[in-house]
Structures are given as C-alpha cells and as structure tokens.
Amino acid sequence: MKYYYWGLVFFFLMLIQVKAEDGFMRTRGAQLMLNGAPFYANGFNSYWLMYMGANPSMKNKVSSAFQQAKDHGLSMARTWAFSDGGDSPLQYSPGSYNEQMFQGLDFGQSISSDDEFFTNSVVKGYYKNHIKTVLTRRNSMTGVAYKDEPTIMAWELMNEPRCNSDPSGKTIQAWITEMASYVKSIDGNHLLEIGLEGFYGPSSSEKQQYNLNFQVGTDFIANNQIPGIDFATVHSYPDQWIPNSSEESQMSFLNSWLSNHIQDAQNILKKPILLAEFGKSLKTSSANQRDKLYDTVYSAIYSSAKGGGAAVGGMFWQLFTEGMDNFRDGYEVIFSENPSTGSLITEQSQKINHIRKMYVRLRNIEKWKRARDVRRAEAGNSGYNTGN
C-alpha cells in the first residue's frame, strides 16, 4: 500500500523473531532456509515503527505491537527504513541524516516527473548513498552494522515501484538490475526483494489479462528473474483495484491472483514468494468480509506451504495498537477491537509454525542419521585397523 528475525525495506526492512543458529536467512530453490530447514512464517506490516520508536513518549507502542504480535504467533514484520523531509525525517536532505530517527530504527534534486527517479543519475546517486548509509549504519544499542545483523531477514528496494511512462518495463528492469547489484556489493548477508505488487508485463503477455488493466511499467516475471533478487513479493487489494465490483467478483479475482503468482514462483521463477501486503478496509466493508479475505489468503499460503511450496508466508496490512486513532486508514487491525480477525491470525500462525517445526524435526533426524553413520564408519575402521 502507498504510504524483530522481524524484516525492513526504500528502503523497507524485514525482521524475524526466530533464532538464527548458523547465520542468515538463505534460499534454496523455491524455499527460504533458516538453520538448515525450510522457513515459513506469518507476519504483519507496521510502517510506523521507526517514527514511534524515535519518540520516547511513544516507544511503548512499538513494544506493545511486538508483544501483541508475539502473542498471536506472528514472527515476521515489515516496516519503513526511510522518511525524507517533512516532520521527523530520517533524511533531512540527500546525505544528511537524523540520528534520533535512526535510533528509533535501532529499538533534492529537481526532477520533471516521478518516473525520472529511475533514470536521473543524480537521484540514483542519492538513492545509492541512502542504501550505503542504512546498510553500514551501526546499531546504537548493539554496535552491529545493519549489514551484519542476523535478526534482519531481508531488504526491499522500494514499496510498489511504478513507472507509468514506460509500459515496456525496460526502465524499471534496468533500475532494479543496477540497484540490486549495488546492494549486494555492500551486503552479501541478507536476502533482497523488490517490493512489487505483482502486475505482469511483456515477458508474460498472456498473463496481463490478470492485471485488471493495470500497466504500471513493472514485470513480475522478468523483474524477479534479475540476479540478486532472492524472492518475489505480491500485494493484493481487491477493494482498491476493483472498487465498484461485487464481493463475489473481488474474491474471484483474489483467488486467481494468488494461484497464478504462487504457481509462477514455484514453476517459472523457482524462488520463494511472500504475500507482503493484503487487506480490506473496514470503511467500505464489514468485519466478516475482511475476515473472508484473510481466510482466503491464509488458505492459499497454507495449501502451498504444507507441501513445501513457494508461498513462505503472508503479512497483513496493518497492525496497530490502541491509541493510534490519527493513523487509522481503515485497514488497521487492533487485536482488542477485532477479535475475529485476531483469531484467524493466531490460527494461521499456529499452522505455519507447525510446518516450520516439522521441517526442523526432519532436519534434526537427518543430522542424527548422518552422525550415526559417521560413528559406525569410524567404529568399523577402528576394528579393521585393530584386527590387522
């Protein structure tokens, strides 16, 4: 939507609340891997964490959000690692940073159009400077550089990039290629994704029929095949994308949208896919209708994950705590106000955690078998040498 291992991203950050015993999150084919086992998780979006975390009087809301998320089994978060100009910015101007806002994350060249962001050499330089500053930033609490911090799961280049002036997709393809390479040149530890909504482009023209007439200069297949992009993302907002359609039409679209992207990640990209944003506004729908959307998304993820498939998790938009009325956008989930939605979230977390634990047990069994075989081989060699 425009606007702890917990995950950040333009830079968004993704974080996860699972102990990394052997370093950082990896990929193997269409699966995320952590500690040698496939990783699946249920998560949430809270873009406001850095803003609140930088204000001593509001830090408690960050702590409350994480505690409530933990109570509902959520182990993955997505938040902003950027905030330029305006009130309480992370970056006052290109290259000039606000230390107080950075501590919240721890706990301008004139252009003729938005699309020039992707081609203007000066602006691209500003962006690269921002990337370098964030990645090499040392956490004021731990002293660890962000690029070396294993509780960070992944980075996202930009939230929902669009370049409407070039529907061919070449402009954004070139920008992603350049920026992915730059990120990886500084940080080879963390996973990287783009932040796409999932619209199809010329590389899979037969699937552009699923775009609902959106041609925004991105290409789900080609963009995610770029070297350095480790996993794919997809967003889903049927109430925004087809606002005047019936509930049945919106749910029909959602089912095909999810099915197509999960299958394409599995069979074409051969990379994991994260449903990084989904939601439904209570300003225009009932709680039951929103719960139905959550249930549909969660069912698609679970159906894939239980078979070891490419769908590794979902992150609803968005988690709030009590006392954040000024931030409400209709999509907020406040557990104390939305118990039915909270129950769905907890149930999904339990199901996904069960899958992850199953893979951990299988990994441990394999490790035990290998250790047993080594001991037997050593014992056999010892007996042979003794006999001779």
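Up top you'll find the structure we're talking about.
Residues numbered from 1 in each chain as written. Predicted model: local features only at pLDDT ≥ 70, side-chain atom pairs only at ≥ 80, totals over all residues. Heavy atoms only, no water.

## Focus: the packing of aromatic side chains
Scanning the entire structure with this criterion turns up 21 aromatic pairs. Between F44 and F316, the aromatic rings sit 6.5 Å apart at their centres with planes inclined by 35 degrees, giving tilted as the arrangement. Assessed through its relative accessible area of 0%, F44 is described here as buried. Grouped by ring-pair contacts, the aromatic residues F44, F66, F278, Y294, Y298 and F316 constitute a single cluster. Looking at K351, its charged tip hangs above the ring of Y302, at a distance of 4.3 Å from the centre. (Phe/Tyr/Trp six-rings, centres within 6.5 Å; stacked < 30°, edge-to-face > 60°. Buried < 20%, exposed > 50% of the residue type's maximum accessible area, 1.4 Å probe, protein only. Lys NZ or Arg CZ within 6 Å of the ring centre and 35° of its normal.)

## Side note on helix α5 (residues 170–186)
Over its 17 residues, α5 runs 25 Å from end to end, which matches the ideal 24 Å to within 8%, given 1.5 Å per residue. Those residues of α5 not exposed but buried are T171, I172, W175, I176, M179, A180 and V183. Angular distribution of buried residues about the axis of α5 spans 145 degrees; they occupy a single face of the element. The exposed residues of α5 that point more than 90 degrees off its buried face are K170 and S185. Buried-residue contacts for α5 involve α4 (121–136), β11 (191–193) and α6 (220–224). (Helix = DSSP H or I, 4+ residues; strand = E, 2+ residues; numbered from the N terminus. Expected span 1.5 Å × (residues − 1). Arc of directions from axis to C-beta. Contact = heavy atoms within 4.5 Å.)

## Overview of empty space enclosed by the protein
Left-over empty space is what a probe sized like a water molecule reveals as it rolls over the atoms. The volume enclosed by the largest cavity comes to roughly 40 Å³. Taken together, P167, F199, Y200, G201, P202, Q208, N211, F214, Q215, V216, G217 and T218 make up the lining of the largest cavity. Within the lining of the largest cavity, the residues separate by chemical class into six nonpolar, six polar and no charged. (1 Å grid on protein atoms, 1.4 Å probe; cavity = no way out; pocket = protein on both sides within 12 Å on 5 of 7 lines; lining within 4 Å. Points joined across faces, edges and corners; volume = space filled by probe spheres on them. Nonpolar A, V, L, I, M, F, W, Y, C, P; charged D, E, K, R; others polar.)

## A few points about the sheet that holds strand β4 (residues 31–34)
In space, the three strands of this open sheet follow the order β3-β4-β5, with antiparallel pairing throughout. This sheet does not close on itself; its edge strands, each paired only once, are β3 (26–28) and β5 (37–39). Averaged over all pairs of adjacent strands, the angle between strand axes in this sheet comes to 55 degrees, irrespective of strand direction. Pairing between β3 and β4: three bridges, direction antiparallel. Following the sheet pairing, R26 is matched in β4 by M33. (Pairing = 2+ DSSP bridges. Axes fitted to C-alpha atoms, helices over the stretch in contact; angles between N-to-C directions.)

## Overview of the pattern of salt bridges
By the definition in use, this model includes 13 salt bridges. A salt bridge links E178 to K124, with the shortest nitrogen-to-oxygen separation between them at 2.9 Å. With E178 in helix α5 and K124 in helix α4, this residue pair connects regions lying 54 residues apart in the sequence. By relative accessible area, E178 is classed as partly exposed at 26%. Judged by relative accessible area, which is 16%, K124 ranks as buried. Here D264 ties to K207 by a salt bridge, and the two come within 2.2 Å at their closest N and O atoms. Of the two residues, D264 sits in helix α8 (residues 247–269) while K207 sits in the loop between β11 and α6, which places them 57 residues apart along the sequence. With respect to burial, D264 and K207 carry one shared label: buried. Within this structure, D325, R328, E332 and E337 form a network of salt bridges that share partners. (Salt bridge = Lys/Arg side-chain N within 4 Å of Asp/Glu carboxyl O.)

## Considering unusual backbone geometry
Geometrically, the link from W317 to Q318 is a cis peptide bond, its omega value of -5 degrees lying close to zero. For Q318, the location among the structural elements is in the loop between β14 (311–317) and α10 (339–387).

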